[in-house]
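# Analysis of the macromolecular model
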2 protein chains.
Amino acid sequence: MNISELAQHLDVAVSTVSRVLSGNAEKYRISQKTEQRIREAAKKFHVVPDPLGAGLRRGKIGMVGLLVPDITNPFFSHLARAVESKLRNRGIAVQLCDSNEDPETELDLLRNLMSRRLDGLIVAPVGVSGEQLASTLRRSPFPTILLDRILTGVDAPTIAIDNRAAGSLAANCLLELGHTSIGCLRGNPLSRSDRDRLAGVEDALQRKGDASPNLLVSGEGYSAEQSRAAAEALLQREDRPSAIITLSGQGILGTLEVAREFGISLPDELSLVAFDEQPWSPLVHPPLTTISQPIEKMAEKAAEILSSQLDGETSAQSAGSHIFEATLIKRSSVTIPC
Amino acid sequence: MNISELAQHLDVAVSTVSRVLSGNAEKYRISQKTEQRIREAAKKFHVVPDPLGAGLRRGKIGMVGLLVPDITNPFFSHLARAVESKLRNRGIAVQLCDSNEDPETELDLLRNLMSRRLDGLIVAPVGVSGEQLASTLRRSPFPTILLDRILTGVDAPTIAIDNRAAGSLAANCLLELGHTSIGCLRGNPLSRSDRDRLAGVEDALQRKGDASPNLLVSGEGYSAEQSRAAAEALLQREDRPSAIITLSGQGILGTLEVAREFGISLPDELSLVAFDEQPWSPLVHPPLTTISQPIEKMAEKAAEILSSQLDGETSAQSAGSHIFEATLIKRSSVTIPC
DNA sequence: CTGACTGGCGCAAACGTTTGTTCCATCGTA
DNA sequence: TACGATGGAACAAACGTTTGCGCCAGTCAG
């Protein structure tokens, strides 16, 4: 039953029912009595205004899109949950899309999302996304927020951590212990956050001056197979590094696997620092030193900015970048080199 | 720009544009020339029919809801990704909701989803959901599918594993090694799947007859804190079990933590079998023996059934339950009791 | 007694599609 | 020449809301 049928049933105008059910009863001076009558009948027959009709008329539908590269990545699933919950509090639903780390799929999905009549969009881009994604985003018909990965050439508000500083954080932790050869396992060389993290590592090394340790880099993809391959490449070298930093969250799994297969004793023969804290980080062997991102805060910020933009604010407060700091969680996977 | 503006621009009728853009050009005998002209202009101006208008008219919007208890639980995030991807192939979008394992939130969300004009619904209920959820689901205005957890009293198609058999599988693996005292760490005692898994364990024990081992049960919630507490309760007993089965995916984390704190040597002093295979299952210490669910297959089945229902089939093929088998992945976390 | 005001509500347009029906040429045939 | 077919496209109703405006009856002051 829709509100016009309900109106007919109660012998009032559709408009009256609409005003009551959308909470504008007093604004339009509907009498208490009529309001009560409508409310009760609506409850009795489970009548709720159809969002499609309302959306059509209002030009808003109370829903934003959320595009992530991989929902099975704990970083993004935590992000998704937080964003969804914060937005739900504000009466906004979330449509989820997962690009499976594939730029083509991402572009498809984005186009699809933009053709839908959403109120806004939160995009955590696949790292490698280039000019095509940017240009697509630029003509977004509604407020858009970039999450996790910075995209040059798009002036949407961006929420991310300071990846460069995070890279330095990871490297310094190893340098202080005297490591002289450090391996970096990248997620994807084309990814902006990956490059920034690596740059951060290099910053830290350069600050050591002449005593600057060796830096070995490997990796060309986020997938489990690619991570494994990169770890193998790093660990079967003659000049095997005494420590590895995995620049992407997934990289650590392959690294641990390979190290185990090669019979490398952890952490004595190989120290490890992993990006992204996970529930199981303290439980693997050895317990992992990780770089942890403030996911909740980032999601809160995203929801906050987006909903303020939905309320029609173009204020400077919401524009620009919002950069958070990552923190190092130290555990026994790092030690002095043998 | 919408299709009526485009029509005006091209000096054709809206209906003509609509028929071309929704792929019904030849059905309505639009000439090649007109079709081309419209197609090109549509591409040029990025015109796509507004789903709201179309949805309103058609009564369908090309979107289904997906309600899960916890998207950060790898089991559900894999499920979500698979479902989303399979449905996307069929041109259907997915709206995600996360109830955070809270029955109240779940009910709220469900009502919300049902008031939206969706085409269908996939629900993985919070275990404890009772009659209220069932009665809400019963008056669902569109096809609904139950995932992972069976709900008595709702005749929607259900997709799940045989939890009872899976419980036996876990128990047998320990019994064969001669364990005489087994602890079970439940997710939530009110959850149907939890009860089934426990029943499966009891089945296996009873088959041993007189030599039936001790069974200790603990746990009253899915949260990390509750899991920890349950593990503590189990491990600080005088008659500490020589093996633990964690009946819910999350339980193993707390168990490992507590075992480590208590200085229990794994697996010698305590064997472990965990429900739900995870990427890190082989990498923790000790590598975990797990019960693995065929997530992809389940998601595929869900998408298949739902989309066949969307095509208006009420066939017996899609009704009823679809029960899958779990498998045991054996690793070194189980051994003979000391 | 008249006029202005107000509380309470209905009217109707608009949002952007889809689709059954109608209409107008054009063509082939008788 | 006249007439039925047929291809091609326009017309208009319907989907379910929201909201500016107008209407009516009552109230109150002048």
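What counts and how
Residues numbered from 1 in each chain as written. Chains lettered and ligands numbered in written order. Predicted model: local features only at pLDDT ≥ 70, side-chain atom pairs only at ≥ 80, totals over all residues. Heavy atoms only, no water. Contact = heavy atoms within 4.5 Å. Buried area = accessible area lost by both parts, 1.4 Å probe. Salt bridge = Lys/Arg side-chain N within 4 Å of Asp/Glu carboxyl O. Pairing = 2+ DSSP bridges. Helix = DSSP H or I, 4+ residues; strand = E, 2+ residues; numbered from the N terminus. Axes fitted to C-alpha atoms, helices over the stretch in contact; angles between N-to-C directions. Near = heavy atom within 4 Å. Polar contact = N/O pair within 3.5 Å; in protein donor to acceptor, adjacent residues only side chain to side chain. Nonpolar A, V, L, I, M, F, W, Y, C, P; charged D, E, K, R; others polar. Domains from an automatic or database assignment.

Further remarks concern the interface of chain A and chain B. Opposite the 43 residues of chain A that make contact, chain B presents 43 residues. Buried area between chain A and chain B, summed over both chains or domains, comes out near 3,900 Å², and the portion from carbon and sulfur atoms is 64%. Counting the surface chain A buries against chain B, the share from its top three residues, A:Leu52, A:Arg81 and A:Leu283, is 18%. A salt bridge links B:Asp50 to A:Arg117; the shortest N-O distance between them is 2.2 Å.

Attention now moves to the sheet that holds strand S9 (residues 271–275) of chain A. Residues and elements named next belong to chain A. Pairing is mixed in the open sheet, where 6 strands are placed in the order S7-S6-S8-S9-S10-S12. Sheet topology places strand S7 (214–218) and strand S12 (327–329) at the edges, where each strand pairs with a single neighbour. Shown here is a sheet whose adjacent strand axes are inclined to one another by a mean of 20 degrees, direction ignored. Across 3 bridges, strand S10 (residues 289–292) lies against S12 in antiparallel orientation. Among the inter-strand pairings, Ile291 is bridged to a residue of S12, identified as Leu328. Helix H8 (residues 163–175) contacts strand S6 (181–185), strand S8 (243–246), S9, S10 and S12 of the sheet and is inclined by roughly 165 degrees relative to S9.

Let's shift gears to the protein's contact with DNA strand D. Contacts to DNA strand D come from 28 residues, most closely from A:Ser18, A:Arg57, B:Ala13, B:Arg19 and B:Thr34. When the atoms of DNA strand D within 4 Å of the protein are sorted by group, sugar and phosphate make up 59%. Measuring from a phosphate oxygen of DNA strand D, one finds a backbone N or O atom of A:Asp50 at 3.0 Å. Take B:Thr16: an N or O atom from its side chain is 2.8 Å from a phosphate oxygen of DNA strand D. Those elements that provide at least two residues to the surface near DNA strand D are helix H1 (3–10), helix H2 (14–21) and helix H4 (51–58) of chain A together with helix H2 (14–21) and helix H4 (51–58) of chain B. Of all the elements, H4(A) adds the most residues to the surface near DNA strand D, at 5 residues. Broken down by class, the residue content of the surface near DNA strand D amounts to 10 nonpolar, 9 polar and 9 charged.

This next bit is on the sheet that holds strand S12 (residues 327–329) of chain B. All names here are of chain B. Sheet architecture is open: 6 strands sit in the order S7-S6-S8-S9-S10-S12, paired in mixed fashion. Pairing within the sheet leaves two strands with one partner each, and these edge strands are strand S7 (214–218) and S12. Between one strand and the next, the sheet's axes are offset by a mean angle of 20 degrees, whatever the strand orientation. Note: strand S6 (residues 181–185) against strand S8 (residues 243–246), 4 bridges, orientation parallel. Counted as the bridge partner of Ile182 is Ala243 from S8. Where helix H8 (residues 163–175) meets the sheet, its contacts fall on S6, S8, strand S9 (271–275), strand S10 (289–292) and S12, and the angle it forms with S9 comes to roughly 165 degrees. Strands S6, S7 and S8 of the sheet are contacted by helix H10 (residues 224–235), whose axis makes an angle of about 165 degrees with S6.

Let us look at the domain arrangement of chain A. Residues and elements named next belong to chain A. By the assigned domains, chain A splits into domain 1 (3–49), domain 2 (60–161 + 295–324) and domain 3 (163–293). Taking only C-alpha atoms, the centre of domain 2 and the centre of domain 3 are 29 Å apart. With 14 residues of domain 2 at the interface, the matching set in domain 3 holds 13 residues. Interface area, domain 2 with domain 3, both sides summed: about 1,200 Å², of which 52% is carbon and sulfur. The tally of links between domain 2 and domain 3 comes to 3 residue pairs in polar contact (both at pLDDT 80 or more). Broken down by secondary-structure element, the contributors of at least two residues to the side of domain 2 that touches domain 3 are helix H5 (74–89) and helix H12 (295–310). Among the residues forming the side of domain 2 that touches domain 3, the class breakdown is 7 nonpolar, 3 polar and 4 charged.

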